[in-house]
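Below, each chain spelled out in residue letters.
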Amino acid sequence: MLRALLTVGIAVFPLLATPQGKADNDPEKTAPQIIVNVRKHPIGADMVSVTVASKAYPMDLLKTQCEALGTSLGSDARGLAVTFSGEDERFRFVRASFATDHIIDREKGQVRLQNIVRSFLGAPAPHTLTSFMVTLEGEEPVEKQTIQDYASDKVIVKAHFSKDPKGIEYRILALTQVPNDLVIPDKYVPPTPVQKAVPKQEQRPPATLTLGLVALAGIAGAALVYFGLAGRAASASRRATQGRD
């Protein structure tokens, strides 16, 4: 069932890969330029198929990239074959298939999306790839282990989980073409809590300044009392002098 859905998705590649299908920094609204499907074989190997939207994508380049993926995983791309898919010229795309290991780790709930995406970065224009669809056929997410949505200034990942048919789909947008700059965790990353803005407190003068003002007010008050009393004493003295005269 999932494979049939992928076939339909590949068939509409020409419709998706148009300017109308592209939206900045949203992988779900950006046409995938490449689809990577991974299916776990009963004996444990990861069976990989890679389909590129461009019919003009160099087959040698795709072969090199698939080999690089196997090398990054520590497992060769076994039985690697690069061909054209389909007989209809309108729906013919460059496709690769091979077996490797370590993309899916069910026990740990890990998915090595980083290895996949990095392997296809850095190709010169017009073969530069930025938008990816990675599907894990028949897989189920492990709660708080399997990677979900993730975003940084180098990559944006959005996940979708399906129960019928079972599978996981990742839509990925690479914001860099430097492989080592792109980092995608293998496992679930808790969302960063949003920090609430601290209410801005009314600014008060420093304590030393406040004390200084109080002291100054005290001095001024004392001066007023002093000069007031001094003024009264001088007036009384003048009156006494005038009385004697």
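Residues numbered from 1 in each chain as written. Predicted model: local features only at pLDDT ≥ 70, side-chain atom pairs only at ≥ 80, totals over all residues. Heavy atoms only, no water.

1. Points about helix α3 (residues 59-73)
If you check α3, its first and last C-alpha atoms are 22 Å apart, about what 15 residues at 1.5 Å a residue would give, namely 21 Å. Inspection of α3 places L62, Q65, C66, L69, G70 and L73 among the buried residues, and these make up the whole buried set. Along the axis of α3, the buried positions cluster into a sector of 140 degrees, meaning they face one direction only. Along α3, the residues that are exposed and aim more than 90 degrees away from the buried face are D60 and T71. One or two residues past the end of α3 sits G74, with phi positive at roughly 75 degrees. (Helix = DSSP H or I, 4+ residues; strand = E, 2+ residues; numbered from the N terminus. Expected span 1.5 Å × (residues − 1). Buried < 20%, exposed > 50% of the residue type's maximum accessible area, 1.4 Å probe, protein only. Arc of directions from axis to C-beta.)

2. Quick look at the environment of T64
Position of T64 among the secondary structure elements: in helix α3. For the pair T64 and F120, spaced 56 residues apart in sequence, the C-alpha separation works out to 9.3 Å.

3. Digging into the environment of D60
Summarising the element assignment, D60 is placed in helix α3. Taking the C-alpha atoms as reference points, D60 and V82, separated by 22 residues in sequence, lie 8.3 Å from one another.

4. Focus on the pattern of salt bridges
Opposite charge on two side chains makes pairing possible when the charged atoms of those side chains draw close. The tally for this structure, following the rule as stated, stands at eight salt bridges. A salt bridge links K158 to D26, with the nearest nitrogen and oxygen atoms 3.5 Å apart. Here the residue K158 occupies a position in strand β9 (residues 155-163), and D26 occupies one in the loop between α2 (13-16) and β1 (34-40), the gap between them amounting to 132 residues. Between K166 and E140 there is a salt bridge, with the nearest N and O atoms lying 4.0 Å from each other. Note that K166 is positioned in strand β10 (residues 166-174) and E140 in the loop between β7 (131-137) and β8 (150-151), a separation of 26 residues in sequence. (Salt bridge = Lys/Arg side-chain N within 4 Å of Asp/Glu carboxyl O.)

5. Describing the confidence of the model for the chain
Looking at the chain as a whole, the pLDDT averages 80, with 69% of positions reaching at least 70. Contacts of residues 207-227 to residues separated by more than four positions or lying in other chains number one contact, the stretch itself having pLDDT below 50. (pLDDT = per-residue confidence, 0-100. Contact = heavy atoms within 4.5 Å.)

6. Let's talk about the sheet that holds β7
Reading across the sheet, the eight strands line up as β3-β4-β2-β1-β7-β10-β9-β8 and stay open at both edges, with mixed pairing between neighbours. Either end of the sheet is taken by a strand with one partner, and the two such strands are β3 (78-85) and β8. Direction of pairing for β8 relative to β9: antiparallel, over a ladder of two bridges. When the bridges of β9 are listed, Y150 appears paired with V157. Strand contacts of α3: β2 (46-52), β3 and β4 (93-100), with the helix running at about 25 degrees to β4, the strand carrying the most contacts. (Pairing = 2+ DSSP bridges. Axes fitted to C-alpha atoms, helices over the stretch in contact; angles between N-to-C directions.)

7. As for the nonpolar core
The biggest cluster of nonpolar side chains holds 39 residues, and the ones touching the most others in it are V50, L62, F120, Y170 and I172. Counting only elements with at least two residues in this core, the list comes to β1, β2, α3, β4, α4 (113-119), β7, β9 and β10. Apart from residues no more than four positions distant in its own chain, L62 is found in contact with V50, V52, Y57, V82, V94, R95, A96 and F120. (Core = buried A, V, L, I, M, F, W, Y, C linked by side-chain atoms within 4.5 Å.)

8. A short note on the environment of E140
Using a relative accessible area of 52% as the deciding quantity, one classes E140 as exposed. Through-space distance from the C-alpha of E140 to that of F161 is 7.4 Å; in sequence the pair is 21 residues apart. Each residue touching E140, except ones within four places of it in the same chain, is listed here: K166 and I168.

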